[in-house]
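Report on the structure
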Amino acid sequence: MIKRWFDPQDVGETPDYRFSLANERTFLAWIRTALALVAGGLAAAQFLPVLGIAHLREVIAVALLVLGGFVALRAVDHWARAERAMREKRDLPPSQFPALLSILVAIGALLLVAAVLVQAARG
């Protein structure tokens, strides 16, 4: 599987370059998202004050770092699968990942809202 990430051009014929470039732009957008998540995780670890709930700062940082790494891996996998599908003149692979990522971010936001409310009630 990982070999396919490095050489998705080993099958089929070269697609219209516009489609390959659009696939790369989508990949780069996902990589920017991954980098933003990693940067947010590092920022949380370094700059968030100690929160009222034990180790909440560390949990936030690790969650963002792990999610950023996962998004980066998912980005390259989707890019390679889409490139291969275009070269083999197949439909592009479906992806539920955007929905999953949105749900994870929403759950994380709700948990942070709860933590802020708990902190405010204690203060």
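Calculation notes
- Residues numbered from 1 in each chain as written.
- Predicted model: local features only at pLDDT ≥ 70, side-chain atom pairs only at ≥ 80, totals over all residues.
- Heavy atoms only, no water.
- UniProt positions renumbered as here; feature names shortened; annotations may be inferred.
- Core = buried A, V, L, I, M, F, W, Y, C linked by side-chain atoms within 4.5 Å.
- Buried < 20%, exposed > 50% of the residue type's maximum accessible area, 1.4 Å probe, protein only.
- Helix = DSSP H or I, 4+ residues; strand = E, 2+ residues; numbered from the N terminus.
- Phe/Tyr/Trp six-rings, centres within 6.5 Å; stacked < 30°, edge-to-face > 60°.
- 1 Å grid on protein atoms, 1.4 Å probe; cavity = no way out; pocket = protein on both sides within 12 Å on 5 of 7 lines; lining within 4 Å.
- Points joined across faces, edges and corners; volume = space filled by probe spheres on them.
- Nonpolar A, V, L, I, M, F, W, Y, C, P; charged D, E, K, R; others polar.

- Under an unreviewed UniProt entry, the chain has the name Putative membrane protein and belongs to Asanoa ferruginea.
- Of the comments in the UniProt record for the chain, the one headed Subcellular location (unreviewed entry) reads "Cell membrane".

1. A few points about the nonpolar core
- Grouped together as the largest cluster of nonpolar side chains are six residues: A34, L37, L67, V71, F97 and L101.
- For this core, the secondary structure elements donating two or more residues are helix 2 (17-47), helix 3 (56-87) and helix 4 (97-122).
- Residues A44, L56, I60 and A115 belong to the second largest nonpolar core, which totals five residues.

2. Focus on the packing of aromatic side chains
- Scanning the entire structure with this criterion turns up three aromatic pairs.
- Look at F27 and W79: their rings are 6.1 Å apart centre to centre, the planes differ by 50°, and that puts the pair in the tilted class. Here the residue F27 occupies a position in helix 2, and W79 occupies one in helix 3, the gap between them amounting to 52 residues.
- Take W79: its relative accessible area is 15%, and that puts it in the buried class.
- On the numbers, 5.5 Å between centres and 55° between planes, the contact of F70 with F97 is tilted. Taken as a pair, F70 in helix 3 and F97 in helix 4 lie far apart in primary sequence, 27 residues in all.

3. Quick notes on the layout of surface pockets
- By volume, the largest pocket is sized at about 370 Å³.
- Along the walls of the largest pocket sit 14 residues, with A63, L104, G108, A109 and L112 positioned nearest its centre.
- Looking at the lining of the largest pocket, the elements that each hand over two or more residues are helix 3 and helix 4.
- In terms of residue count, the dominant contributor to the lining of the largest pocket is helix 4 (seven residues).
- In terms of residue class, the lining of the largest pocket is built from 13 nonpolar, one polar and no charged.

4. Some remarks on the UniProt feature "domain: DUF202" (unreviewed entry) in the chain
- Per the UniProt record, the feature "domain: DUF202" (unreviewed entry) sits at residues 18-85.
- Between the C-alpha atoms that bound residues 18-85 there is a distance of 15 Å. The span itself is 88% helix and 0% strand.

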